[in-house]
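# Structural overview for review
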Amino acid sequence: MGNVLCQDDGLGVYAVERLEEDLQSDEEQEWWNSDLSLIKAETDAWYGLQECLSSWQVIIIDALIGPCEPGTIYLVPLNELEETEWSKSLHGVTLLHLIARYRKKGKMIKGWLIGMEPERIDLGFGLSPVVEDNMDVLLEQVKDMVELMQGTSMDS
């Protein structure tokens, strides 16, 4: 998720692009299998929701504004999402808001939100230095979570 026109807000999109680059390298990718998909929903919450509903588990990568320093990585189970201020956006409804609404109705989307505290969200391209410096750590968290999720059944 994210908007690459707004600096660190685009970190989810940049993360997926880097994962795609990793997969195109000649190195063996132990964390990946052909049943997985990388999706760049960007700011389209409804498209993101459709992708989530058609998947048995998901990992959402996004910028999250919380109480910590820029570059801090957050791991949030999707079944714990609630409608809060960070689940809303100036652009209207967000994917996190939609998932929280689904949860209120007793419908569960399984997976994780892996986010990072942004340093700058303003018009412009590229990531701030602190987010860029922590991107490899975030990508390792994503890969570790993919491996963990592949070891679980659809019923767990």
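Report on the accompanying structure. (Residues numbered from 1 in each chain as written. Predicted model: local features only at pLDDT ≥ 70, side-chain atom pairs only at ≥ 80, totals over all residues. Heavy atoms only, no water.)

### Some points on helix α1 (residues 11–24)
Structurally, the α-helix is built with 3.6 residues per turn, so residues lying three or four positions apart point the same way. The terminal C-alpha atoms of α1, which comprises 14 residues, lie 20 Å apart, in line with the 20 Å expected from a rise of 1.5 Å per residue. Of all the residues in α1, the buried ones are Leu11, Gly12, Val13, Tyr14, Ala15, Val16 and Leu19. In this structure, the buried side of α1 is in contact with β1 (58–63), β5 (111–116) and α4 (129–150). (Helix = DSSP H or I, 4+ residues; strand = E, 2+ residues; numbered from the N terminus. Expected span 1.5 Å × (residues − 1). Buried < 20%, exposed > 50% of the residue type's maximum accessible area, 1.4 Å probe, protein only. Contact = heavy atoms within 4.5 Å.)

### Notes on the packing of aromatic side chains
Within the structure shown, the criterion is met by 0 aromatic pairs. Its end group placed over the ring of Tyr102, Lys107 keeps NZ or CZ at 5.3 Å from the ring centre. (Phe/Tyr/Trp six-rings, centres within 6.5 Å; stacked < 30°, edge-to-face > 60°. Lys NZ or Arg CZ within 6 Å of the ring centre and 35° of its normal.)

### Some details on the nonpolar core
Note that soluble globular proteins tend to have their nonpolar side chains buried in a common cluster. Leu11, Ile61, Met135, Leu138 and Val142 are the most contacted members of the largest nonpolar core, which totals 19 residues. Breaking this core down by element, the ones donating at least two residues are α1, β1, β5 and α4. Tallying contributions element by element places α4 first for this core, with 8 residues. Look past the residues within four positions of Met135 in its chain and what remains in contact with it is Leu11, Tyr14, Ala15, Arg18, Met116 and Leu127. Formed by 17 residues, the second largest nonpolar core is a distinct cluster that contains Ala45, Tyr74, Leu95 and Ile109. (Core = buried A, V, L, I, M, F, W, Y, C linked by side-chain atoms within 4.5 Å.)

### Notes on a negative patch on the surface
Residues Glu30, Asp136, Glu140, Asp144 and Glu147 make up a contiguous surface patch of negative charge. Examined against the element boundaries, Glu30 turns out to sit in the loop between α1 and α2 (45–53). Judged by its relative accessible area of 67%, Glu30 falls in the exposed class. (Patch = residues over 30% accessible without salt bridge, like charges linked within 9 Å, V, L, I, M, F, W, Y side chains within 5 Å. Areas by Shrake-Rupley, 256 points an atom, 1.4 Å probe, with all protein chains shown as cover. Salt bridge = Lys/Arg side-chain N within 4 Å of Asp/Glu carboxyl O. Lys, Arg positive; Asp, Glu negative; His and termini not counted. Charge placed at Lys NZ, Arg CZ, Asp CG, Glu CD.)

### Looking at the environment of Asn33
In this structure, Asn33 sits in the loop between α1 and α2. Along the chain, Asn33 and Gln150 lie 117 residues apart, while their C-alpha atoms are 9.0 Å from each other. In terms of polar contacts, Asn33 uses its side chain to reach the backbone amide nitrogen of Asp35, at 2.6 Å. At a separation of 2.2 Å, a polar atom in the side chain of Asn33 contacts the side chain of Gln150. (Polar contact = N/O pair within 3.5 Å; in protein donor to acceptor, adjacent residues only side chain to side chain.)

### Looking at unusual backbone geometry
Despite not being glycine, Gln7 has its phi angle at roughly 50 degrees, a positive value. Relative to the helices and strands, Gln7 resides in the segment before α1. Phi at Glu42 takes a positive value of approximately 50 degrees, unusual for a residue other than glycine. Note on placement: Glu42 falls in the loop between α1 and α2.

### Description of the sheet that holds strand β2 (residues 73–77)
Reading across from one edge, β1-β5-β2 is the order of the 3 strands in this open sheet, with mixed pairing throughout. In this open sheet, the two edge strands, each paired with only one partner strand, are β1 and β2. Sheet twist, expressed as the average angle between the axes of neighbouring strands with direction ignored, equals 20 degrees. Pairing geometry for β2 and β5, over 5 bridges, is antiparallel. By the bridge assignment for β5, Leu75 is matched with Ile114. (Pairing = 2+ DSSP bridges. Axes fitted to C-alpha atoms, helices over the stretch in contact; angles between N-to-C directions.)

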